[in-house]
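# Examining the three-dimensional arrangement
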Amino acid sequence: MLLEEQQQNQWLSLVKPGRRLKPGNQITFTPRSQTDIKLNAQILASDPETRGRILQFEVSDGRSLLEVIDHFGEVPLPPYIHDTEAEADRYQTVYADRLGAVAAPTAGLHFTPELLERLEQKGIDRAFVTLHVGVGTFRPVEVENITEHQMHGEWIEVSPETVEKIRETKAKGGRVIAVGTTVVRSLEGASQSGQLEPYCGKTNLFIYPGYQWRVVDGMITNFHLPKSSLLMLVSALIGRERLLSVYQDAIDNQYRFYSFGDAMLILPEAKLRN
């Protein structure tokens, strides 16, 4: 599973079984569709942070891996999705336009062109950011003291146009609603100087209760797993007591979790105060 390209055709990847794939080993890939292209890779090193491997790919005709990947690979659907006959683009937001994420930002899967048009008709403006979801999003928090948890860096881009739209919205008294935790991390990660600024690079921002919000006024998000950094992010916005209440309501009404599950709109003013 390709995580991120570190230089030309050199990728940080998750491999299985890892014990058989040691530095120096060569891998030959069999194409999934008709092609004369040959694809090989050499394992350069292990990566302690992700427990993955650094792979150097070699394409027979000299092209980049991404140019030929459709002949050899497939969309890495979550492991709990089995025997699906859906097209690969179903696991994709309708507004995505850049390669790089290891998984879809699931809150965005709820949006259709028709829904975006209805929002526009109601005077709700929109802007876009890019965050390449990384493996750290799915890793549980395994330390007793959450301040010791290390987030894997994820690449983000917040454009000057998006920053300007947000500033105009705030100036008019409007609210900034993030669609998904990826958008939250992008906007808050680009505001660590104290105010939102255009930004392109990596962020390893870990948002947990006590965090001082700078940009986001609310969010739309799916239901997340216990002991996850995503659940802690939501708790930072609405408080633990309200969070537990919301999840109990989801359980009582048999809402669906995971990638194609239900979503909720949460606003900080719903926070319960002592």
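Rules used in this analysis
The numbering scheme is per chain: residues are counted from 1 as the chain's sequence reads. Selection of residues for local features in this predicted model requires a pLDDT of at least 70, selection of side-chain atom pairs for listing and counting requires 80 or more, and totals for whole chains, interfaces and linings are taken over all residues. The basis for every side-chain value is the complete set of heavy atoms in the structure, and neither hydrogens nor water enter the calculation. Elements are defined by DSSP. Helices are runs of H or I of four residues or more, strands are runs of E of two residues or more, and each kind is numbered from the N terminus. Here the globule rule is a power law, 2.2 Å times the number of residues to the power 0.38, and the radius of gyration is based on C-alpha atoms. Residue burial is assigned from relative accessible area. The probe radius is 1.4 Å, only protein chains are included, and a residue is buried under 20% of its type maximum, exposed over 50%, and partly exposed in between. In this analysis, two residues are considered to be in contact whenever any of their non-hydrogen atoms come within 4.5 Å of each other. Each accessible area is a Shrake-Rupley result for a 1.4 Å probe, and residues are judged covered by the shown protein chains and nothing else. Only Phe, Tyr and Trp rings take part, Trp by its six-membered ring, and two of them pair if their centres are within 6.5 Å. Stacked means planes under 30 degrees apart, edge-to-face means over 60, and tilted covers everything else. Axes, fitted as lines to C-alpha atoms, cover a helix only where it is in contact. Angles between the N-to-C directions of the axes lie from 0 to 180 degrees. Handedness of a crossing follows from how the near helix is turned relative to the far one, being left-handed for an anticlockwise turn of less than a right angle and right-handed for a clockwise one. Here the nonpolar group is Ala, Val, Leu, Ile, Met, Phe, Trp, Tyr, Cys and Pro; Asp, Glu, Lys and Arg are the charged ones; every other residue, Gly included, is treated as polar. DSSP bridges decide pairing: two strands pair if at least two such bridges lie between them. Any carboxyl oxygen of Asp or Glu within 4 Å of a side-chain nitrogen of Lys or Arg constitutes a salt bridge here.

### Focus: the overall build of the chain
The helix and strand tally for the chain stands at six helices and eleven strands. For 274 residues, the compact-globule formula gives about 19 Å, and the C-alpha radius of gyration of the chain, at 20 Å, lands near that figure. Dimensions along the principal axes, computed over C-alpha positions, put the chain at roughly 60 × 45 × 40 Å. For the chain, the residues scored as buried account for 40% of the 274 residues in total. Of the contacts made within the chain by residues no fewer than 6 positions apart, 65% connect residues no fewer than 24 positions apart. Entry remark: accessible area of the chain is about 16800 Å², with carbon and sulfur atoms responsible for 48%.

### Topic: the packing of aromatic side chains
Overall, the coordinates contain nine aromatic pairs when judged by the stated rule. Considering the side-chain rings of F206 and Y208, the 5.0 Å spacing of their centres and the 55° angle between planes classify their relative orientation as tilted. The buried category is assigned to F206, whose relative accessible area is 12%. Each ring, one from Y211 and one from W213, has its centre 5.1 Å from the other, and the planes form 85°; the classification is edge-to-face. An aromatic cluster of three or more residues is present, and its members are F223, Y247, Y255 and F257.

### As for the packing of helix α5 (residues 229–238) against helix α6 (residues 240–252)
With their axes 7 Å apart at the nearest point, α5 and α6 run at an angle of 120° to one another. The element α5 and its partner α6 pack so that their crossing is right-handed. Across the interface between the two elements, L231, V234, S235 and I238 from α5 touch R240, R242, L243, V246 and Y247 from α6. A breakdown of the residues in the contact of α5 with α6 according to their chemical character gives six nonpolar, one polar and two charged.

### Looking at the sheet that holds strand β8 (residues 177–179)
Read across the sheet, three strands follow the order β8-β10-β11 without closing on themselves; strand pairing throughout is mixed. The outermost strands of the open sheet, each flanked by one partner alone, are β8 and β11 (263–266). Each neighbouring strand pair of the sheet contributes to a mean axis angle of 20°, computed without reference to strand direction. Sheet topology note: the β8/strand β10 (residues 218–222) ladder contains three bridges and is parallel. Within β10, the position partnered with I177 by the bridge is G218.

### Description of the pairing of β10
With four of five residues buried, β10 is to be regarded as a mostly interior element. Examined bridge by bridge, β10 and β11 share four bridges and lie antiparallel to one another. The residue bridging I220 from the neighbouring strand is L265, located in β11.

### Observations concerning the pattern of salt bridges
For the structure on display, the rule yields nine salt bridges. Residues R32 and E74 are paired through a salt bridge, measuring 3.4 Å at the closest nitrogen-oxygen approach. A residue pair is termed long-range when its members are at least 10 positions apart, and R32 in the loop between β3 (26–29) and β4 (39–47) and E74 in the loop between α1 (65–72) and α2 (113–121) qualify at 42 residues. With respect to burial, R32 and E74 carry one shared label: exposed.

### What to know about the side chain of T181
Mapping T181 onto the fold places it in helix α4 (residues 181–189). Relative accessible area serves as the criterion here: at 9%, T181 is assigned to the buried category. Discounting residues that sit within four places of it in the chain, T181 has contacts with M219, T221, H224, L230 and L233.

### Examining the sheet that holds strand β6 (residues 130–131)
An order of β6-β7-β9 is seen for the three strands of this open sheet, with the pairing classed as antiparallel. Two strands lie at the open edges of the sheet, namely β6 and β9 (199–203), each paired on one side alone. Here β6 runs beside strand β7 (residues 154–158); their pairing, made up of two bridges, is antiparallel. When the sheet's bridge partners are listed, L131 is paired in β7 with I156. Across the sheet, α4 lies against β6, β7 and β9, angled at about 70° from β7, the strand it touches most.

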